[in-house]
Amino acid sequence: MKNLFGKFITALVVLALILGVFSMITPSFNEPTVVSLSQVASAVKSGEITSVVVKENTKLFITTKDNKQQIATKEVSESVSEMLTNLGVTAEELKTVDIRVDNEKGVGASLTSWLPFILPFVIVLFVIFFFLRQVQGANNKAMSFGQTQARMFNQNAKNKITFADVEGNKEAKIELEEIVEFLKHPQKFTSLGAKIPKGVLLMGSPGTGKTLMAKAVAGEAGVPFFSISGSEFVEMFVGVGASRVRDLFKKAKKSAPCIIFIDEIDAVGRQRGAGLGGSHDEREQTLNQILVEMDGMETKVNVIVMAATNRPDVLDPALLRPGRFDRRVVIDMPDIKDREAILKVHAKDKPLASDVALDVIAQRTPGFSGADLANLLNEAAIATARANKKQIAHQTVLDSIEKVLLGPERKSHIMSEKEKLVTAYHEAGHAVVAHYQPHTDPVHKVSIISRGRAGGYTLKLPTQDKSLHTKQEFIEDLAMILGGQAAEEVFFKDVSTGPSSDLRKATELAKAIVMEYGMNDRLGPRTFGDKNDMVFLGKDLAHARDYSESIAQVIDEEIEKLVKEAKKTAVSLVTKYKDQMDAVVKELMTKETLERAEFEAICGAKPSK
Ligand code: ADP
Ligand code: ZN
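Before going into details, it helps to say that this report is about the structure given with it.

With 49 residues, the main nonpolar core has Ile555, Val574 and Met581 as its most contacted residues. For this core, the elements supplying multiple residues, two or more each, are helix 17 (417-435), strand 12 (443-447), helix 18 (471-492), helix 19 (500-515), helix 21 (549-576), helix 22 (578-591) and helix 23 (596-603). Looking at this core element by element, the count peaks at ten residues for helix 18. Residues in contact with isoleucine 555, not counting those within four places in the same chain, are Val514, Met515, Leu523, Phe528 and Tyr547. Ala172, Val217, Met306 and Val329 belong to the second largest nonpolar core, which has 28 residues in total.

As structure tokens, then:
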């Protein structure tokens, strides 16, 4: 807008200049008087006129003896002498007048006559010109719509990312070594008749370092890296995605050998023909184009497409066929050793105090992805800067864990004493129910400081990373989730709105136990409802239920039974350990937060299995 305004001002200045020049070349007349032809004739007769200049055949510029200027107009067809003779001027009298014909069009004179006509055109032209330029700017953007938005990274020695920058994932690295070899020495493989793989699918949760890994492959091989996100293909205009894919591959082929990295490929690569509505057509076209480009790439062209997804289960089978994304590499969540290593990488450029024990922090962060860990150290650095300290302390990092997990503390959230008491009993309920069951994780922290949307929180941490869970663990977890509400019921004979999110969590867990994990005796070892299909509204409406009405009723009954039994367990535990509850609450009311040691000082060590 500012730009447009500027151009408008320029246009005005230019116009003013042109007008100025015009007025300068236009001769200024000293106000001639207009006379009739008969007046001219009589003036000639009386010898008052010295000269007549005829311009453009009609205009007479007359100069009198006393040097006055006059103008008269005659018909085109007559010459001046004819005209004067017709008006009774004799030949002698005519000779006294100097008659000249000036047929050259006077620049000034003609301009003054033309200017009124030209000027509006000039203005209109200027306006059109400038607006056109504006529109053209936008137009150019529209023209480049079909071009890829891909960002290209050409790693130079300085900012090169290698496998050393990606911690953990040893198996993935070994598998990707091969891709690096393909990119570096393709002849080695093609001479043996081997086909170079075209697609590698990186599968893993968000933040586990898939992008980082793809960049590392490019860095190791020393080839350019084109990165685009699947969601960027899908725009509001149909056909854009496909043309972007075409453009992306064209650009990539030009700088082969190289890597194309498509993040979130599930945004375009979901199973086709599954949806309602127009946007799906667009997605399908884009996906088809990707397949066409991958199939169309000659074996000589050394372009490898790497794609990342955290939902490999929803991908269209066509994407996974041989010759497409047939290499699949799993990028794992980091385990405790990897977490420590990742923390080390991200601690490199941060001044840590000598008391910081990264192994303890790794222990406290199960379920954290690489990105979460990077974020954790960043949060700790921010907190340290805000406290005007020079070094990041161990406690600051620990505090940041909760911030990353649950959101920032809400110090402004002031609770009344009664609210505080209810929250304390609620959290003590969670903690006690967790503590006195053998299969739950130990309680690490109980707090009534509100964080994010939670009124208070109870943190329990597994003693080791777990990837398998048993039915008994789930059942005990369910009781612990309901422990808060149970405590409110037992100690206040009433429940608050506090536990509503607990209830949702409990229902979800119970549902998963019954429907997903096949852990119900009455229903048998099978799953209910095709979870993969639930991604699409269209399929959901049609197929999600793969069981009968009568089974649906059994499912409902079994979920209810699980939740009710868990609640009973919770109520009996908070009743049985009433004294411990009261003691924990008393501590919480003064200290607000209890660490594991303080909690176990009241309740004793966790009973073993
Ligand atoms: P994804 O693509 O899987 O969502 P990213 O590659 O974008 O994850 O990872 C985000 C950031 O997290 C990285 O830039 C890096 O700083 C950090 N990170 C994730 N995994 C690792 C890892 N294994 N080693 C080191 N840093 C990691
Ligand atoms: Zn709760």
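Counted according to the given criterion, the structure contains two cavities of 30 Å³ or more. There is about 80 Å³ of room inside the largest cavity. Around the largest cavity sit Arg364, Leu398, Ile401, Glu402, Leu405, His444, Lys445, Leu459, Leu461 and Glu595, which together line it. Going through the elements one at a time, helix 16 (394-406) and strand 12 are the ones with two or more residues in the lining of the largest cavity. Among the elements that take part in the lining of the largest cavity, helix 16 stands out by supplying four residues, more than any other. Looking at the lining of the largest cavity, you find at least three residues from each of domain 3 (336-406) and domain 4 (417-603).

What follows covers helix 8 (residues 210-221). Relative to the 16 Å expected for twelve residues at 1.5 Å per residue, helix 8 spans 17 Å between its end C-alpha atoms, a close match to the ideal helical length. Turning to helix 8, its buried residues are Lys210, Met213, Ala214, Ala216, Val217, Ala218, Gly219 and Ala221. Glycine 222 sits one or two residues past helix 8 and shows a positive phi near 65°.

To continue, consider the side chain of serine 51. Turning to its location among the elements, serine 51 is positioned in strand 2 (residues 49-55). Taking relative accessible area as the criterion, serine 51 reaches 13% and is therefore assigned buried. Ignoring sequence-local partners within four residues, the contact set of serine 51 consists of Phe61, Ile62, Thr63, Val97 and Asp98.

Looking now at the packing of helix 19 against helix 21. One can describe the packing of helix 19 onto helix 21 by two numbers: an axis separation of 9 Å at closest approach and a directional angle of 125°. By the criterion of interaxial angle, the relationship of helix 19 to helix 21 is oblique. Helix-helix and strand crossings are classified by hand; for helix 19 and helix 21 the assignment is right-handed. Of the residues in helix 21, those in contact with Ala510, Lys511, Ile513, Val514 and Met515 of helix 19 are Ile555, Glu558, Ile559, Leu562 and Val563.

Buried residues of helix 2 (residues 37-45): Val40, Ala41, Ala43 and Val44, and no others. All buried residues of helix 2 fall inside an arc of 165° around its axis, so they share one side. Phi for glycine 47, located one or two positions after helix 2, is positive at around 70°.

Cut-off values and rules
- Position labels on residues start from 1 in each chain and follow its written sequence.
- A letter from A marks each chain and a number from 1 marks each ligand, given out in the order of writing.
- With pLDDT at 70 or above as the cut-off, local features in this predicted model cover only qualifying residues; side-chain atom pairs require 80 or more to be listed or tallied, and sums for whole chains, interfaces and linings still use all residues.
- Note that the side-chain values use all heavy atoms of the structure and ignore hydrogens as well as water.
- Residue types Ala, Val, Leu, Ile, Met, Phe, Trp, Tyr and Cys, when buried and joined through side-chain atoms within 4.5 Å, form a set referred to as a nonpolar core.
- Here the term buried applies to any residue with accessible area under 20% of the maximum for its type, exposed to any over 50%, and partly exposed to those in between, with areas from a 1.4 Å probe on protein chains only.
- Numbering of helices and strands runs from the N terminus, with a helix taken as a DSSP run of H or I at least four residues long and a strand as a DSSP run of E at least two residues long.
- We call two residues in contact whenever any of their non-hydrogen atoms come within 4.5 Å of each other.
- The method works on a 1 Å grid over the protein atoms by themselves. A cavity is a set of points holding a 1.4 Å probe that cannot get out, a pocket is an open set with protein on both sides within 12 Å along at least five of seven lines, and residues with an atom within 4 Å of a point line them.
- Grid points are joined across faces, edges and corners, and a volume is the space filled by probe spheres set on the points.
- An automatic or database domain assignment is the source of the domain bounds shown.
- Given a helix with a known number of residues, its expected span is that number minus one, times 1.5 Å.
- Fitted lines through C-alpha atoms serve as axes, helices being fitted only where they are in contact, and the angles separating the N-to-C directions of these axes extend from 0 to 180 degrees.
- Throughout this description, any angle smaller than 35 degrees is read as roughly parallel, any larger than 145 degrees as roughly antiparallel, any in the 65 to 115 degree range as roughly perpendicular, and the remainder as oblique.
- Take the far helix as your reference; a near helix turned counterclockwise from it by less than a right angle gives a left-handed crossing, and one turned clockwise gives a right-handed crossing.
- Arc definition: it is the arc formed by the directions from the helix axis to the C-beta atoms.

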